[in-house]
Amino acid sequence: MPNPFDNALLQLNRASLAKSFSPELIERLRHPNREIRVSIPIRMDDGTLRVFEGYRVEHSNARGPYKGGIRYHQDTDINEVKALALWMTMKCAVANIPMGGGKGGITVNPKELSKGELERLSRGWVHALSDVLGPKKDVPAPDVNTTPEIMAWMADEFGKITGDTSGAMITGKPLVNGGSEGRGTATAQGGFYVFGALREKLGLPQMCRVVVQGFGNAGDHAAELWTQAGHAVIAVSDSKGAIVSDAGLDIAAVTAHKKATGSVVGLAGTRMISNEELLALDCDLFIPAALENQIRADNVAVIRAKVIMELANGPTTPEADDALFARGIAVVPDILFNAGGVTVSTFEWEQNLNGQHWTEAEVFGKLRTIMEREATNIFDTAQSLRTDLRRAAFVVALGRLEEAMRESHD
Ligand code: GLU
C-alpha cells in the first residue's frame, strides 16, 4: 500500500505547482510541528498487562489550536496519522474555521477489546497526552472506530487530571456531556450540502444512482441522507463485503441488519459482491467512506462512476487522481467534502467555551452556509486554474495558511 504521508506530501507539491506559493510555506507544511508517540499500558480483563502504541501528531497551529480525530485501527501507524494531520490543517483552512490540524491514533482493533478495556485504553491515551491537549492547544474528536462515548471518557479523564471540566478539550461528545446538536451526522450532512452546490456543475442528473463504500458513522448517514432525498443508493459495503440492489437499498433495513449481525452482508433481497467489484459498479456517484488508498493506479481503470465524492480521508492516490481527471471523472476531495465533521466540532468547541447550546437548525444553517460557499469557491478556483478540484482545494487552503503564517515562518 502507498504510504499515505507520501501521498499527502505529493498533493501539497502538486498544488504548489498549480499556483505559486512561497517555497518556505510549502517547506514548513511538509514537516508536522511535532509527532508524539506514547506507550499506553492497560490491565486486560484476564489480569495480564498489554502495552499499546498511541500517537498524536500536531501538524500546524498557524490558524488555531490543533484539531483532528483519534483513530483506533489495527493498521494505524505514525505515517497514517501524519497524513491525516496534514489533511486536517488543509481541511480546517478550506472550511475557514479557526483551527489548525492534528490527528491521533492507537494501533488496536477495538472490536477485540471488552468495553472496560476500551475505556481504560481511551483514558490511558488522554493520561499519556494530557500535557499537550487542551481547549486552546489541541482539541481531538472521533475518527474511524471512535465514538461519542469514548469522547466522554476522554473528557472526564482530562477533567480529573487538569481540573478543566468545560469539555472544550474534545469534541464529538454525547449531547448530555456537552456535545453539539448535529455532530453525529455532520460529516455526511456537510457532504450533502457540497453535493447540492456542485451537482449540476458536475453534470450529475437530478436523481443519482449512488454507491457508498464503508458503512461506519460517515457512510451510513450518507446512505440515509441521499436515500431520503430520493436518490437510489444501489450498493453499500463494509470490511466483510458489499451488497447490491439495482432498485435501490432500503437503508433502514441495512442499518438494522448491520446492528443485528455486525455486517451489511447477507441482507435478504440483496446480491453480495466483493469490495473490488463494488468499485466497478455502473453509477453516477461513488462515495468512498472507509479508509485511504482505495482507488489506486492498479484499480482506477475499473471505475465507472461519473463523479467521486470523498467522505473518507485519502481514498484516492495521486496517480489515480490523474487517471480520473484524464477521463473527465471529477473527484470532490476529502478536505472539502468531509469537512462538515470538523466544522460542527468547531461549533461544539465554541458552544462549550461560551456556555451555549445551539439548536440543530442553527448548527445546520451555519454548516450549510460554509459548505456551499467553499464548494463554489473551490469549483471556481479549479475552473480558473484549469486544474482538478483537489489541487484547487489545496490552493484555497494554502492561500489562507500563507496569510496566517506570513509573520511566523520560523
Ligand atoms: N475525524 C474527522 C475528520 O477526519 C473529524 C475531526 C474533528 O471533528 O475534529 O475530519
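Everything numeric here is computed off the predicted structure, so don't read it as measured data.

Another point: the site of the ligand. Of all residues adjacent to the ligand, which total 14 residues, the nearest are Lys-67, Lys-91, Pro-142, Asp-143 and Ser-345. One of the side-chain nitrogen or oxygen atoms of Lys-91 is found 2.6 Å away from an oxygen atom of the ligand. At 2.5 Å from an oxygen atom of the ligand is found a side-chain nitrogen or oxygen belonging to Ser-345.

Evaluation of the coordinates by the stated rule reveals 0 disulfides. Cysteine Cys-208 remains unbridged, with the sulfur of Cys-283 as its closest cysteine sulfur at 9.3 Å. A residue is classified by how much of its surface remains accessible, and Cys-208, at 2% relative accessible area, is buried.

The next thing to look at is unusual backbone geometry. Phi is positive for Asn-145, close to 70°, though the residue is something other than glycine. Looking at the element boundaries, Asn-145 is found in the loop between strand E5 (138-142) and helix H5 (148-162). Classification of Asn-145 as partly exposed rests on a relative accessible area of 28%. Backbone geometry places Arg-386, a non-glycine residue, at a positive phi of 50°. By secondary structure assignment, the location of Arg-386 is in the loop between helix H13 (360-385) and helix H14 (389-405). Classification of Arg-386 as exposed rests on a relative accessible area of 75%.

With that settled, consider the sheet that holds strand E2 (residues 49-60). With mixed pairing, the 5 strands of this open sheet are ordered in space as E1-E2-E4-E3-E5. Both outer strands of the open sheet, strand E1 (34-43) and E5, are each paired with one neighbouring strand and no more. Direction aside, the axes of adjacent strands within the sheet are offset by 25° on average. In this structure, strand E3 (residues 66-73) lies alongside E5, joined through 5 bridges in parallel fashion. In the strand pairing of E5, Ile-70 is matched with Pro-142.

Glancing now at H13. Here H13 is 26 residues long and its end C-alpha atoms lie 37 Å apart, about the 38 Å a rise of 1.5 Å per residue gives. Inspection of H13 places Val-363, Phe-364, Leu-367, Ile-370, Met-371, Glu-374, Ala-375, Ile-378, Phe-379, Thr-381 and Ala-382 among the buried residues, and these make up the whole buried set. Trailing H13 by a residue or two, Arg-386 shows a phi angle of about 50°, which is positive.

Let's shift gears to the packing of helix H6 (residues 186-198) against helix H12 (residues 340-354). When two helices pack together, their arrangement is given by the angle between the helix axes and the distance between those axes. Look at H6 against H12: their axes get within 7 Å of each other, and the N-to-C directions meet at 120°. Here H6 is positioned oblique relative to H12, judged by the angle of their axes. For the crossing formed where H6 meets H12, the hand is right-handed. The segment H6 lies against H12, with Ala-186, Thr-187 and Gly-190 engaging Gly-340, Gly-341 and Val-344. For the contact of H6 with H12, the per-class residue count stands at 2 nonpolar, 4 polar and no charged.

Here we come to the sheet that holds strand E7 (residues 232-238). Sheets are built from strands paired through backbone hydrogen bonds, the pairs being either parallel or antiparallel. With mixed pairing, 7 strands are arranged side by side in an open sheet as E9-E8-E7-E6-E10-E11-E12. Only two strands of the sheet have a single partner each, and these edge strands are strand E9 (271-273) and strand E12 (330-332). Recorded for the sheet is a direction-independent mean angle of 20° between the axes of neighbouring strands. Examined bridge by bridge, strand E6 (residues 209-213) and E7 share 4 bridges and lie parallel to one another. Each bridged residue has a counterpart across the sheet, and for Val-211 the counterpart in E7 is Ala-235.

Calculation notes
All residue numbers refer to position in the chain's written sequence, counted from 1. The predicted origin of the model limits local features to residues at a pLDDT of at least 70 and limits the giving and counting of side-chain atom pairs to 80 or more, whereas totals for whole chains, interfaces and linings rest on all residues. Side-chain descriptors were evaluated using all non-hydrogen atoms of the structure, hydrogens and water having been removed beforehand. We call a residue near a molecule or strand when any one of its heavy atoms sits within 4 Å of it. Nitrogen and oxygen atoms within 3.5 Å of one another constitute a polar contact, given that in protein one can donate a hydrogen and the other can accept it, and given that sequence-neighbouring residues count only through two side-chain atoms. Throughout, disulfides are identified as pairs of cysteine sulfur atoms within 2.5 Å of each other. In this scheme, a residue with accessible area under 20% of its type's maximum is buried, one over 50% is exposed, and one in between is partly exposed, where area comes from a 1.4 Å probe on protein chains only. Starting at the N terminus, helices and strands are each numbered in turn, a helix being any DSSP run of H or I of at least four residues and a strand any DSSP run of E of at least two. Pairing between strands requires that DSSP locate at least two bridges from one strand to the other. The angle between two axes is taken between their N-to-C directions and runs from 0 to 180 degrees, where each axis is a line fitted to C-alpha atoms and a helix contributes only its stretch in contact. By definition here, a helix of n residues has an expected span of 1.5 Å times n minus one. When an angle is under 35 degrees it counts as roughly parallel; over 145 it counts as roughly antiparallel; between 65 and 115 it counts as roughly perpendicular; any other value is oblique. A crossing counts as left-handed when the near helix is turned anticlockwise from the far one by less than a right angle, and as right-handed when that turn is clockwise. What makes two residues a contact is simply this: any of their non-hydrogen atoms within 4.5 Å. Amino acid classes used here: Ala, Val, Leu, Ile, Met, Phe, Trp, Tyr, Cys and Pro are nonpolar; Asp, Glu, Lys and Arg are charged; the rest, including Gly, are polar.

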